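Residues per chain, in single letters:
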Amino acid sequence: MLKSRLFLIGVLILLAMAARLSAIQTQSIWFDEGWSAYAASQPTLLAAWDADATNPPLYYVLVNIGARLFGESEFALRYVSLLVGLLTIPLVYRLARISTPPAFRLRAGAYAALLAFASAPLWWASQEARMYTLLALLILACALAWSHIIRQPSRAAWVALWGAELALLYTHNTGLVAAIWLNVVALLSWFTARRVNPRI
């Protein structure tokens, strides 16, 4: 069973990579991607961190590291987003599995992974030298950690949630909205659980 799940995820990731690599460098760098290109060309990670005063710096640091590994062409700049975008597929699969009754977990995970594979917004974001796939990945990581906390609270799950929320704040300006929403839901769930079981 585990081998079949790993095989499914592996095949979807390879297919997604092949599909999203198609025409990834045919479009020239546009204005917003220019900030990413500027950050990628910086000589140090600290300079990349400070490259854009209007957006949080985490993605710019990653794209700077990516430029050192892959270069600064259109393809190389967008490759970081593509790799991050591919990681959303196993996270969507895992989130669907743990959020579904046992009898439907395998099918739910497979269908969710297929939807992530075919998602037009994720496909588009994977071909942009911008932080949108990183934003999606971190929101999924938050949701996955939160699902673990609901089912079986643990220190590791809380650390994962807080780490993902902190990374969200350093990824995109809308990350704050997602972090606030998650914490409001956490508080409401805690208060509800306290009313049902006062010893919690």
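Please refer to the structure placed before this passage.
What this report covers is the structure whose coordinates are included nearby. What you see is a predicted model; the values in this text were computed from it and never measured.

## Description of a nonpolar patch on the surface
A cluster of nonpolar side chains, namely L46, W49, L166, L169, Y170, L176, I180, V184 and L188, defines an oily patch on the protein surface of about 870 Å² accessible area. Breaking the nonpolar patch down by element, the ones donating at least two residues are α3 (45–49), α10 (155–169) and α11 (175–196). A total of four residues in the nonpolar patch trace back to one element, the largest contributor, which is α11. You can see L166 is positioned in helix α10.

## Let's talk about the packing of helix α1 (residues 2–21) against helix α6 (residues 88–98)
In contact at an axis separation of 10 Å, α1 and α6 are set at 140 degrees when each is read in the N-to-C sense. Overall, the two elements α1 and α6 adopt an arrangement that is oblique. Classified by chirality, the crossing of α6 by α1 is right-handed. Residue-level contacts link R5, L8, I9, L12, I13 and A16 of α1 to I89, P90, Y93 and R97 of α6. Here the contact of α1 with α6 is built from residues that sort into eight nonpolar, no polar and two charged.

## Considerations on the packing of aromatic side chains
Per the stated rule, a full pass over the model turns up seven aromatic pairs. Their ring planes at 40 degrees and their centres at 5.7 Å tell us that W49 and Y170 sit as a pair that is tilted. With a gap of 121 residues between them, W49 in helix α3 and Y170 in the loop between α10 and α11 connect regions that are remote in the sequence. Judged by its relative accessible area of 38%, Y170 falls in the partly exposed class. Here the aromatic rings of W158 and W162 are separated by 5.4 Å at their centres, their planes lie at 35 degrees, and the arrangement is tilted. One end of the pair is W158 and the other is W162, both in helix α10 and four residues apart, which spans about a single turn. Given the relative accessible area of 30%, W158 is considered partly exposed. For W162, a relative accessible area of 48% corresponds to the partly exposed category.

## A look at α10
Along its 15 residues, α10 runs 21 Å from first to last C-alpha, staying within 8% of the 21 Å computed at 1.5 Å per residue. Turning to α10, its buried residues number three or more, namely A157, L161, A164, E165, A167 and L168. Looking down the long axis of α10, one finds its buried residues gathered within 160 degrees of arc, a one-sided arrangement. Seen from the buried face of α10, the exposed residues on the opposite side, beyond 90 degrees, are R155, A156 and V159.

## Here's the deal with unusual backbone geometry
At A23, a residue that is not glycine, the phi angle is positive and equals roughly 65 degrees. Inspection of the secondary structure assignment puts A23 in the loop between α1 and α2 (31–40). Judged by relative accessible area, A23 falls into the partly exposed class, the value being 45%.

## Describing the packing of helix α5 (residues 74–86) against α6
Taken N-terminus to C-terminus, the directions of α5 and α6 make an angle of 20 degrees; their axes are 4 Å apart at the nearest point. With respect to α6, the element α5 is oriented roughly parallel. In this structure, α5 contributes V84, G85 and L86 to the contact, and α6 contributes T88, I89 and P90. Across the contact of α5 with α6, the residue classes break down as four nonpolar, two polar and no charged.

So, how was this worked out
- Residues numbered from 1 in each chain as written.
- Predicted model: local features only at pLDDT ≥ 70, side-chain atom pairs only at ≥ 80, totals over all residues.
- Heavy atoms only, no water.
- Patch = residues over 30% accessible without salt bridge, like charges linked within 9 Å, V, L, I, M, F, W, Y side chains within 5 Å.
- Areas by Shrake-Rupley, 256 points an atom, 1.4 Å probe, with all protein chains shown as cover.
- Salt bridge = Lys/Arg side-chain N within 4 Å of Asp/Glu carboxyl O.
- Helix = DSSP H or I, 4+ residues; strand = E, 2+ residues; numbered from the N terminus.
- Axes fitted to C-alpha atoms, helices over the stretch in contact; angles between N-to-C directions.
- Parallel < 35°, antiparallel > 145°, perpendicular 65-115°, else oblique.
- Left-handed = near helix turned anticlockwise from the far one by under 90°.
- Contact = heavy atoms within 4.5 Å.
- Nonpolar A, V, L, I, M, F, W, Y, C, P; charged D, E, K, R; others polar.
- Phe/Tyr/Trp six-rings, centres within 6.5 Å; stacked < 30°, edge-to-face > 60°.
- Buried < 20%, exposed > 50% of the residue type's maximum accessible area, 1.4 Å probe, protein only.
- Expected span 1.5 Å × (residues − 1).
- Arc of directions from axis to C-beta.

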